[in-house]
Amino acid sequence: MDIFEKFLVDKGPLGKLSSIYEEGYFMFPKLEGEIAPRMQFKGREVLTWSLNNYLGLANHPEVRKVDADAARDWGLGYPMGARMMSGNTSKHEEFEEQMADFIKKESVMLLNFGYQGILSIIDAVTGRKDVIVYDSESHACIIDGVRLHMGKRFVYPHNDIENLEKQLKRATKLADENGGGVLVITEGVFGMSGNMGKLKEVIALKEKFQFRLLVDDAHGFGTMGATGAGTGEELGVQDGIDLYFATFAKSMASIGAIIGGDVDVIDYLKHNMRSQIFAKSLPMPLVIGGMKRLELLKNNPGMKDNLWKVVNALQSGLREKGFNIGTTQSPVTPVIMSGGLNDGTGLIKDLRENYNIFCSGVVYPVVPKGVIMLRLIPTAVHTLEDVAETIAAFEAVKDKLLSGEYRKEGVALVNE
Ligand SMILES: Cc1ncc(COP(=O)(O)O)c(C=O)c1O
């Protein structure tokens, strides 16, 4: 049988949706123009709430200039080869030192990508005898890292510390029998719910159990903590995080990531992380551009203040109008409504077409049947007028949703 043959029958869990959720509209939509709160979608200006450009750095004039100058001076090729072989530079090391200083870890290693980074960290840290314990709401890259693990793993329900303790008991017993150790993995800020990981409570369990903690702080870096150094700083527990991870894909508005920890541990990772050893080094413009972003993040706290002004206005405004935004403790703002597939698609389309609001929406099967979840990502460059306009639009579409309008006029895409 041709290995590709099955694709004709089964397009995969998300591929299957492409026939339902219009390609180019719900899936793979194209937002055009400069990255800003107002962009173009299908030729119309839309107020955009779906970019993780938390601090507004993506289109910051100084960032754009440094990126462009670095691309002119170095090209995207330099340095060639993996860091270990021929792709190391003093700039890569300088950036790592700056990052280590900022996140208050002894040492930091630059990673080419967040996703592969996490996957490969988990792979490098754990062996067959070790046991992983992880939060059930973990990002796909953590799940995939866990899938690579040859040993046992236990999952605990999202942020359920009582259950985590149970899993730690099982994990410790097994690890002791095997002569292995235990790695706990959670997130600083969970990207869908906006909940913070219960890092304090997790770390407190170190008094009862022996384990090391890896925290993926993709959404917390730059947005949380007094200096923006992330959720560990916010909760005053950075020291209890043994491996602190952040990607540049969100607040830093770039590509790349970091992993920070004790010198010995990071040194081990430098020599054992397969995604770094066997992959080309991060291009110079991303390193130089990264340093510029870090400098702005450290020296312009006004960006984070603006972000939170917008976050607070949006979240309190939505709550006042009776919207359910779950239990978020971060800029990530889910708006949870009830309705079927047609309700959900109709509502999102109405928001885009008639209210010029572009946000991401998640419907079944990503969330349970009957749930419509819209996800808003406020940024430092949104304004309070943007917030007011959005809340007014949400009120209007909620009324239509409740009156069943999208059932009648919504895009009748599927039989529910
Ligand atoms: C929690 C989390 N971890 C890791 C990643 C992957 O990072 P990257 O986009 O740098 O590959 C993401 C998404 O970007 C994320 O949301």
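Residues numbered from 1 in each chain as written. Predicted model: local features only at pLDDT ≥ 70, side-chain atom pairs only at ≥ 80, totals over all residues.

The antiparallel open sheet is built from 3 strands, whose spatial order is E11-E14-E13. The open sheet terminates on both sides in strands that have one partner only, identified here as strand E11 (333–338) and strand E13 (360–362). With strand direction ignored, the average angle separating the axes of adjacent strands in the sheet is 25 degrees. Both E13 and strand E14 (residues 371–376) contribute to a ladder of 3 bridges, which runs antiparallel. Bridge pairing in E14 places Gly-361 opposite Leu-374. (Pairing = 2+ DSSP bridges. Helix = DSSP H or I, 4+ residues; strand = E, 2+ residues; numbered from the N terminus. Axes fitted to C-alpha atoms, helices over the stretch in contact; angles between N-to-C directions.)

Bringing the site of the ligand into the picture now. Residues in close proximity to the ligand total 13 residues, the closest being Gly-114, Tyr-115, Ala-218, Thr-247 and Ala-249. Tallying contributions element by element places helix H4 (residues 114–125) first for the shell around the ligand, with 3 residues. (Near = placed C-beta within 6 Å.)

We now examine the sheet that holds strand E10 (residues 257–261). In spatial order, the strands read E4-E10-E9-E8-E7-E5-E6; together these 7 strands make up an open sheet with mixed pairing. Taken across any chain shown, the strands that pair with only one partner, and hence form the sheet edges, are strand E4 (107–111) and strand E6 (153–156). Neighbour-to-neighbour, the strand axes of this sheet turn through a mean angle of 20 degrees, independent of strand direction. On top of the sheet, helix H3 (residues 90–103) reaches E4, strand E9 (243–247) and E10; it is set at about 125 degrees to E4, its chief contact. Those strands touched by helix H6 (residues 161–178) are strand E5 (131–135), E6 and strand E7 (182–187), and its axis lies near 170 degrees from that of E5. (Contact = placed C-beta atoms within 7 Å.)

Here the protein is described as being made up of domain 1 (6–59 + 301–409) and domain 2 (79–282). Here domain 1 and domain 2 have C-alpha centroids that lie 29 Å from each other. Of the residues in the side of domain 1 that touches domain 2, the class split is 8 nonpolar, 8 polar and 2 charged. (Domains from an automatic or database assignment. Nonpolar A, V, L, I, M, F, W, Y, C, P; charged D, E, K, R; others polar.)

Moving on, we come to helix H12 (residues 301–320). With 20 residues, H12 should reach 28 Å at 1.5 Å per residue; the first-to-last C-alpha distance of 28 Å fits that figure. Where H12 is buried, its residues touch E11, E14 and helix H14 (384–402). Within two residues after H12, Gly-322 carries a phi angle of roughly 85 degrees, on the positive side. (Expected span 1.5 Å × (residues − 1).)

On average, the protein scores 95 in pLDDT, and the residues at 70 or more come to 98%. No element of the protein has a lower mean pLDDT than helix H15 (residues 405–409), which averages 78, and none a higher one than strand E8 (residues 212–216), which averages 99. (pLDDT = per-residue confidence, 0-100.)

This brings us to the packing of H4 against helix H5 (residues 140–148). Contact geometry for H4 and H5: axes closest at 8 Å, N-to-C directions at 35 degrees. Where H4 crosses over H5, the two elements pack in a sense that is right-handed. Judged by residue contacts, Gly-114, Tyr-115, Ile-118, Leu-119, Ile-122 and Asp-123 of H4 engage Cys-141, Ile-142, Asp-144, Gly-145, Val-146 and Leu-148 from H5. Classifying every residue of the contact of H4 with H5 gives 8 nonpolar, 2 polar and 2 charged. (Left-handed = near helix turned anticlockwise from the far one by under 90°.)

Proteins that are soluble and globular tend to have nonpolar side chains buried together. The biggest cluster of nonpolar side chains holds 110 residues, and the ones touching the most others in it are Ile-121, Val-133, Val-182, Phe-245, Ile-258 and Ile-259. With 7 residues, H4 is the single largest residue contributor to this core. Two domains share this core, each providing at least three of its residues, namely domain 1 (6–59 + 301–409) and domain 2 (79–282). The contact partners of Val-133, leaving out residues within four places of it in the chain, are Phe-154, Tyr-156, Leu-164, Gln-167, Leu-168, Ala-171, Val-182 and Val-184. (Core = buried A, V, L, I, M, F, W, Y, C linked by C-beta atoms within 7 Å. Buried ≥ 20, exposed ≤ 12 C-beta atoms within 10 Å, placed from the backbone.)

Relative orientation of the contacting elements H12 and H14 amounts to 20 degrees, with a least axis distance of 10 Å. Considered as vectors, H12 and H14 are oriented roughly parallel to each other. Remark: the crossing between H12 and H14 carries right-handed chirality. Within the contact between the two elements, H12 uses Val-310, Ala-313, Leu-314, Gly-317 and Leu-318 and H14 uses Leu-384, Val-387, Ile-391 and Phe-394. A class-by-class count of the residues in the contact of H12 with H14 yields 8 nonpolar, 1 polar and no charged. (Parallel < 35°, antiparallel > 145°, perpendicular 65-115°, else oblique.)

A word on the environment of Gly-151. Topologically, Gly-151 is positioned in the loop between H5 and E6. Sequence-wise, Gly-151 and Asp-130 are 21 residues apart; in three dimensions their C-alpha atoms are separated by 6.1 Å.

Burial of E4 is extensive: 4 of the 5 residues sit out of reach of the surface. Note that E4 and E10 share 5 bridges and pair antiparallel. Residue pairing in the sheet places Leu-111 in a bridge with Ala-257 of E10.

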